[in-house]
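A structural walkthrough
One-letter residues, chain by chain:
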Amino acid sequence: MLMPKSKIAGAAAALAAAAALLGLGAGTAGATDWPPLQNGAYLYSGPTGSGTVTKVDLGDAGTCHTLSSPAVSVQVVSGSWALELYSGAGCTSRHPWRTGSLDQENLPWNMLSYRVVPA
């Protein structure tokens, strides 16, 4: 039995979306070792989502938070919010690092503070 074109297109779109989520972070070594994607934002003290986890309150936009230990990797799954990460305490550094609203990556250097910003 042949499927209508609209069902085929819908199935193709669903497969493409699933592939995009599964491929998130595929550019990093050991991408399959990341924790499962979940809504919210998380900072990790180790690479590839390992170590101590800090759950970010996405409802606290604009407030600077200093971490007790540096963040080395990050995961963000939000439609509206991103993170600005800083290598210095108190949201100070020459070059802050900004995530996207759908992001999973090892950070280029240790981050000591962050704030939630609109994506």
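Everything discussed here concerns the structure shown above.
Rules behind the numbers
Residues numbered from 1 in each chain as written. Predicted model: local features only at pLDDT ≥ 70, side-chain atom pairs only at ≥ 80, totals over all residues. Heavy atoms only, no water. Helix = DSSP H or I, 4+ residues; strand = E, 2+ residues; numbered from the N terminus. Buried < 20%, exposed > 50% of the residue type's maximum accessible area, 1.4 Å probe, protein only. Areas by Shrake-Rupley, 256 points an atom, 1.4 Å probe, with all protein chains shown as cover. Pairing = 2+ DSSP bridges. Disulfide = S-S within 2.5 Å. Polar contact = N/O pair within 3.5 Å; in protein donor to acceptor, adjacent residues only side chain to side chain. Core = buried A, V, L, I, M, F, W, Y, C linked by side-chain atoms within 4.5 Å. Contact = heavy atoms within 4.5 Å.

**Things to note about the overall build of the protein chain**
When helices and strands are counted, the protein chain shows one helix and six strands. Secondary structure elements in the protein chain, listed N-terminal to C-terminal, are α-β-β-β-β-β-β. Sorting the 119 residues of the protein chain into buried and exposed places 33% on the buried side. By element, 61% of the accessible surface of the protein chain is carried by carbon and sulfur atoms, the whole surface being about 6800 Å².

**Considerations on the sheet that holds strand S1 (residues 40–44)**
Across a sheet, paired strands are connected by hydrogen bonds in the backbone, their directions being either parallel or antiparallel. Taken together, six strands build an open sheet; the order of strands is S2-S1-S3-S6-S4-S5 and the sheet is antiparallel. Taken across any chain shown, the strands that pair with only one partner, and hence form the sheet edges, are strand S2 (53–56) and strand S5 (97–98).

**Quick word on the state of the cysteines**
Throughout this description, disulfide means a covalent bond between two cysteine sulfur atoms. This model, assessed by the stated rule, comprises one disulfide. Paired through a disulfide, Cys 64 and Cys 91 show a sulfur-sulfur distance of 2.2 Å. Linking Cys 64 and Cys 91, the disulfide has an S-S dihedral of approximately 105 degrees and is accordingly described as right-handed. Within this pair, whereas Cys 64 is found in the loop between S2 and strand S3 (65–77), its partner Cys 91 is found in the loop between strand S4 (81–86) and S5, the two being separated by 27 residues in sequence. Taking relative accessible area as the criterion, Cys 64 reaches 29% and is therefore assigned partly exposed.

**Structural notes on the side chain of Gln 104**
Within the fold, Gln 104 resides in strand S6 (residues 102–118). At 2.9 Å, the side chain of Gln 104 forms a polar contact with the side chain of Gln 75.

**Describing unusual backbone geometry**
Positive phi values are uncommon outside glycine, yet Thr 48 reaches one of about 55 degrees. Mapped onto the secondary structure, Thr 48 falls in the loop between S1 and S2. Phi is positive for Cys 91, close to 60 degrees, though the residue is something other than glycine.

**So, the nonpolar core**
Generally speaking, a soluble globular protein has its nonpolar side chains buried in company with each other. Grouped together as the largest cluster of nonpolar side chains are 14 residues, with contacts concentrated most on Leu 43, Val 56, Leu 83, Leu 85 and Tyr 114. Those elements giving two or more residues to this core turn out to be S1, S3, S4 and S6. Ignoring any residue separated from it by four or fewer positions in sequence, one finds Val 56 in contact with Ala 41, Leu 43, Leu 83, Tyr 114 and Val 116.

These values are about where atoms sit, not about what they do.
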